[in-house]
Amino acid sequence: MIKLAGQQEHAAHWVGVIENVIRRYEGNHKGLLLQMRYFEELAENYICEKLCIERATYYSWRAEIVTYTALVAVQHGLIKVA
């Protein structure tokens, strides 16, 4: 029971991280990329076409989103940096 409660708490922290990331990027093109890539699971080429961006921009924005997510996860103690 204790182990399950710990897993639920851990999952709740991850939900908080995702909500934080969504709030950070909502209302702009990076938010659209986040939605299209990670929630709708659309293809890279399709996203680039719909957002009218080059692949380099796609990769740069994606890297920023992933880095920000990792930093928020560190703040929540979900990832440890060696």
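This text gives an overview of the structure that appears in the document. (Residues numbered from 1 in each chain as written. Predicted model: local features only at pLDDT ≥ 70, side-chain atom pairs only at ≥ 80, totals over all residues. Heavy atoms only, no water.)

Here we come to helix α4 (residues 55-75). A rise of 1.5 Å per residue sets the reference length of α4, with its 21 residues, at 30 Å; its end C-alpha atoms lie 30 Å apart and thus fit the reference within 8%. Along α4, the residues that are buried comprise Tyr58, Trp61, Ile65, Thr69, Val72 and Ala73. All buried residues of α4 fall inside an arc of 115° around its axis, so they share one side. For α4, the exposed residues lying more than 90 degrees away from the buried face are Ala56, Leu71 and Gln75. Following α4 by one or two positions, glycine 77 adopts a phi angle in the positive range, close to 75°. (Helix = DSSP H or I, 4+ residues; strand = E, 2+ residues; numbered from the N terminus. Expected span 1.5 Å × (residues − 1). Buried < 20%, exposed > 50% of the residue type's maximum accessible area, 1.4 Å probe, protein only. Arc of directions from axis to C-beta.)

Moving on, we come to a nonpolar patch on the surface. Where nonpolar side chains cluster on the molecular surface, the patch consists of Ile18, Ile22, Tyr38, Phe39 and Val66 and spans about 400 Å² of accessible area. Residue assignment for the nonpolar patch shows that the elements contributing at least two residues are α1 (2-25) and α2 (29-39). Topologically, phenylalanine 39 is positioned in helix α2. (Patch = residues over 30% accessible without salt bridge, like charges linked within 9 Å, V, L, I, M, F, W, Y side chains within 5 Å. Areas by Shrake-Rupley, 256 points an atom, 1.4 Å probe, with all protein chains shown as cover. Salt bridge = Lys/Arg side-chain N within 4 Å of Asp/Glu carboxyl O.)

Another aspect to go through is the environment of leucine 34. Tracing the chain through its elements places leucine 34 in helix α2. Assessed through its relative accessible area of 8%, leucine 34 is described here as buried. Separated by 25 residues in the primary sequence, leucine 34 and tyrosine 59 have C-alpha atoms spaced 12 Å apart. Apart from residues no more than four positions distant in its own chain, leucine 34 is found in contact with Val21, Ile22, Phe39 and Ile65. (Contact = heavy atoms within 4.5 Å.)

Pairs can form between side chains of opposite charge whenever their charged atoms are close. All chains considered together, the criterion is met by two salt bridges. Residue lysine 30 is joined to glutamate 64 by a salt bridge in which the shortest nitrogen-to-oxygen separation is 2.6 Å. Here lysine 30, found in helix α2, pairs with glutamate 64, found in helix α4; they are 34 residues apart in sequence, far enough to count as distant. A salt bridge links arginine 55 to glutamate 44; the nearest nitrogen and oxygen atoms lie 2.5 Å apart. With arginine 55 in helix α4 and glutamate 44 in helix α3 (residues 44-51), the pair connects residues that are 11 residues apart, well separated along the chain. Since its relative accessible area comes to 46%, arginine 55 is described here as partly exposed. Here glutamate 44 falls in the buried class, since its relative accessible area comes to 19%.

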